[in-house]
Amino acid sequence: MNPPHASEAPEREGERPARIERIRVGLRRLERATLRIERPVNRAIGSARFNPLHHTGTLAVLFFLVVLVTGVYLTAFFSYGFVESYEAVERLEGNIAGRLVRALHRYGSIALIVTSILHGWRTFVQDRFRGPRWVPWVSGVWMVFMLWVIGVTGYWLIWDERVQGLNEGLIRALRNSTVGLDFLLDNLLTPAAGTGWPFLLWLLLIHLFLSLAVGGVLVIHLKRLTPRQWLPPATWTIGALVSLGILSLVWPAGMLPPFDATRIPASFPIDPWYLFLLPPSLRVNPWLVIAFLLIGGLVLTAIPWFRLRRMPPPVIVDEDRCTGCTLCVADCPYGAVEMVPRDDGKHRLLAVVIADRCVSCGVC
């Protein structure tokens, strides 16, 4: 193969910077479009500070606590077994307290995934994921992934006709593997499965373990924030809880018919937030769907290291104007400023920026 003509080299060398610049322009347009969408909310609320979209992160924490508390309550009444699990949920639906808690758990889970995605989107378009912010970005991506698995296993624990679709997806994924086929025969497809309590126990353990794991990752997610703001302002905390309570009372979660191996349901409702991969899993090889999901997760994880935008330099302290008041230390959300003694006689302390923590947000 002949080498390219010398005159072609500069053009090809310039292709990559031009492509990156187009990506940067596209990201700026996405940010402007997002802010335009938020303007009506700002006008309706009267102040951008009270815009609920500014509190999506802390609202997600609030909804996670709602889901966690209601989940503990529901687990206390859960029974292991294909028939027993459905009957246990049916008993919960039969009294007002159980019906309310179950609806709170369902709608809190949906609110949790919605606010988490909105928080991630705003973080992305506002370029708040690079440099020292890579830890909250990566932990946030994998928290959303774990929340999705928790939601899927939650639906699977209720042995209703929706589970027939989930089982079919699992069967399609494992039937070509010797180990997978043995698992299906022992736990799902033959009389060896018995009442089904081992399979339901596995699902519940995954459900509970990942819930605890999300709590641990959440601590890492907020580790560098100082001070750590876990919950939204009181107005939005009360408003969110009251809205969730009214929705749960007016519109209970309800129940589908029980699982029936003798018939295939013509259709059943699909939760677009948690079961969106179920339809494609029933049409194509489930492993292609899983591979697509994992590749997407890895790409999102690696975004902080893509050179999509220029990283601004760390803040520089003007020593002559620094009075040592320590307000910048209190305000810095990433603990990137510390006070050190100064010996020039002007003031007692001097602010010093920790470069590898500074995100150049300008708060200080």
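Residues numbered from 1 in each chain as written. Predicted model: local features only at pLDDT ≥ 70, side-chain atom pairs only at ≥ 80, totals over all residues. Heavy atoms only, no water.

(A) A look at the nonpolar core. Grouped together as the largest cluster of nonpolar side chains are 52 residues, with contacts concentrated most on Trp156, Trp159, Leu188 and Phe199. Broken down by secondary-structure element, the contributors of at least two residues to this core are α2 (56-76), α4 (96-125), α5 (134-156), α6 (162-174), α7 (178-189), α8 (197-221) and α9 (234-250). When residues of this core are assigned to their parent elements, the largest contribution, nine residues, is made by α5. In this view, Trp156 contacts Val163, Leu166, Asn167, Leu170, Phe199, Leu200 and Leu203; residues no more than four positions away in its chain are not counted. (Core = buried A, V, L, I, M, F, W, Y, C linked by side-chain atoms within 4.5 Å. Buried < 20%, exposed > 50% of the residue type's maximum accessible area, 1.4 Å probe, protein only. Helix = DSSP H or I, 4+ residues; strand = E, 2+ residues; numbered from the N terminus. Contact = heavy atoms within 4.5 Å.)

(B) Layout of the side chain of Thr123. Relative to the helices and strands, Thr123 resides in helix α4. Assessed through its relative accessible area of 16%, Thr123 is described here as buried. Of note is the side chain of Thr123, whose polar atom sits 2.8 Å from the backbone oxygen of His119. Once residues within four sequence positions are removed from consideration, Thr123 is found in contact with Arg128, Phe129 and Trp137. (Polar contact = N/O pair within 3.5 Å; in protein donor to acceptor, adjacent residues only side chain to side chain.)

(C) Examining the packing of α2 against α9 more closely. Remark: α2 packs on α9, axes separated minimally by 11 Å, with the N-to-C direction vectors making an angle of 45 degrees. Classed by the angle they form, the pair α2 and α9 counts as oblique. By crossing handedness, the relation of α2 to α9 is classed as right-handed. Here Leu59, Leu62, Phe63 and Val66 of α2 come into contact with α9, specifically with Trp236, Thr237, Ala240, Leu241 and Leu244. (Axes fitted to C-alpha atoms, helices over the stretch in contact; angles between N-to-C directions. Parallel < 35°, antiparallel > 145°, perpendicular 65-115°, else oblique. Left-handed = near helix turned anticlockwise from the far one by under 90°.)

(D) Molecular detail of the environment of Ala253. With respect to the secondary-structure elements, Ala253 resides in the loop between α9 and α10 (278-283). Each C-alpha atom of the pair Ala253 and Glu93 lies 8.6 Å from the other, and the pair is 160 residues apart in sequence. Among all residues touching Ala253, those that are not within four sequence positions of it are Glu93, Arg102, Ala103, Arg106 and Tyr107.

(E) Local environment of the packing of α2 against α8. With their axes 12 Å apart at the nearest point, α2 and α8 run at an angle of 150 degrees to one another. Classified by the angle between their axes, α2 and α8 sit roughly antiparallel to one another. Where α2 crosses over α8, the two elements pack in a sense that is left-handed. Mapping the contact onto sequence places Val61, Phe64, Leu68 and Thr75 in α2 and Leu204, Leu208, Ser211, Val214, Gly215 and Leu218 in α8. Classifying every residue of the contact of α2 with α8 by side-chain character gives seven nonpolar, three polar and no charged. (Nonpolar A, V, L, I, M, F, W, Y, C, P; charged D, E, K, R; others polar.)

(F) Structural view of the confidence of the model for the chain. Taken as a whole, the chain shows an average pLDDT of 85; of its residues, 89% reach a score of 70 or greater. Low confidence marks residues 1-11, where pLDDT is under 50. Its contacts with residues over four positions away, or in another chain, come to one contact. (pLDDT = per-residue confidence, 0-100.)

(G) Examining the pattern of salt bridges more closely. Evaluation of the coordinates by the stated rule reveals two salt bridges. Asp160 is the partner of Arg162 in a salt bridge, and the nearest nitrogen-oxygen pair spans 3.6 Å. For the pair shown, Arg162 and Asp160 are each scored as buried. (Salt bridge = Lys/Arg side-chain N within 4 Å of Asp/Glu carboxyl O.)

(H) Region of the structure containing a positive patch on the surface. On the surface, Arg29, Arg32, Arg36, Arg39 and Arg43 cluster together into a patch of positive charge. Mapping Arg32 onto the fold places it in helix α1 (residues 8-45). (Patch = residues over 30% accessible without salt bridge, like charges linked within 9 Å, V, L, I, M, F, W, Y side chains within 5 Å. Areas by Shrake-Rupley, 256 points an atom, 1.4 Å probe, with all protein chains shown as cover. Lys, Arg positive; Asp, Glu negative; His and termini not counted. Charge placed at Lys NZ, Arg CZ, Asp CG, Glu CD.)

(I) Highlighting the environment of Ser109. Looking at the secondary structure, you find Ser109 in helix α4. On a C-alpha basis, the gap between Ser109 and Val66 in space is 8.5 Å, while along the polypeptide they are 43 residues apart. Excluding residues that lie within four positions of it along the chain, Ser109 makes contacts with Val67 and Tyr274.

(J) Region of interest: unusual backbone geometry. A positive phi angle is found at Asp127, which is not glycine, with a value near 60 degrees. In this structure, Asp127 sits in the loop between α4 and α5. For Asp127, a relative accessible area of 18% translates into the label buried.

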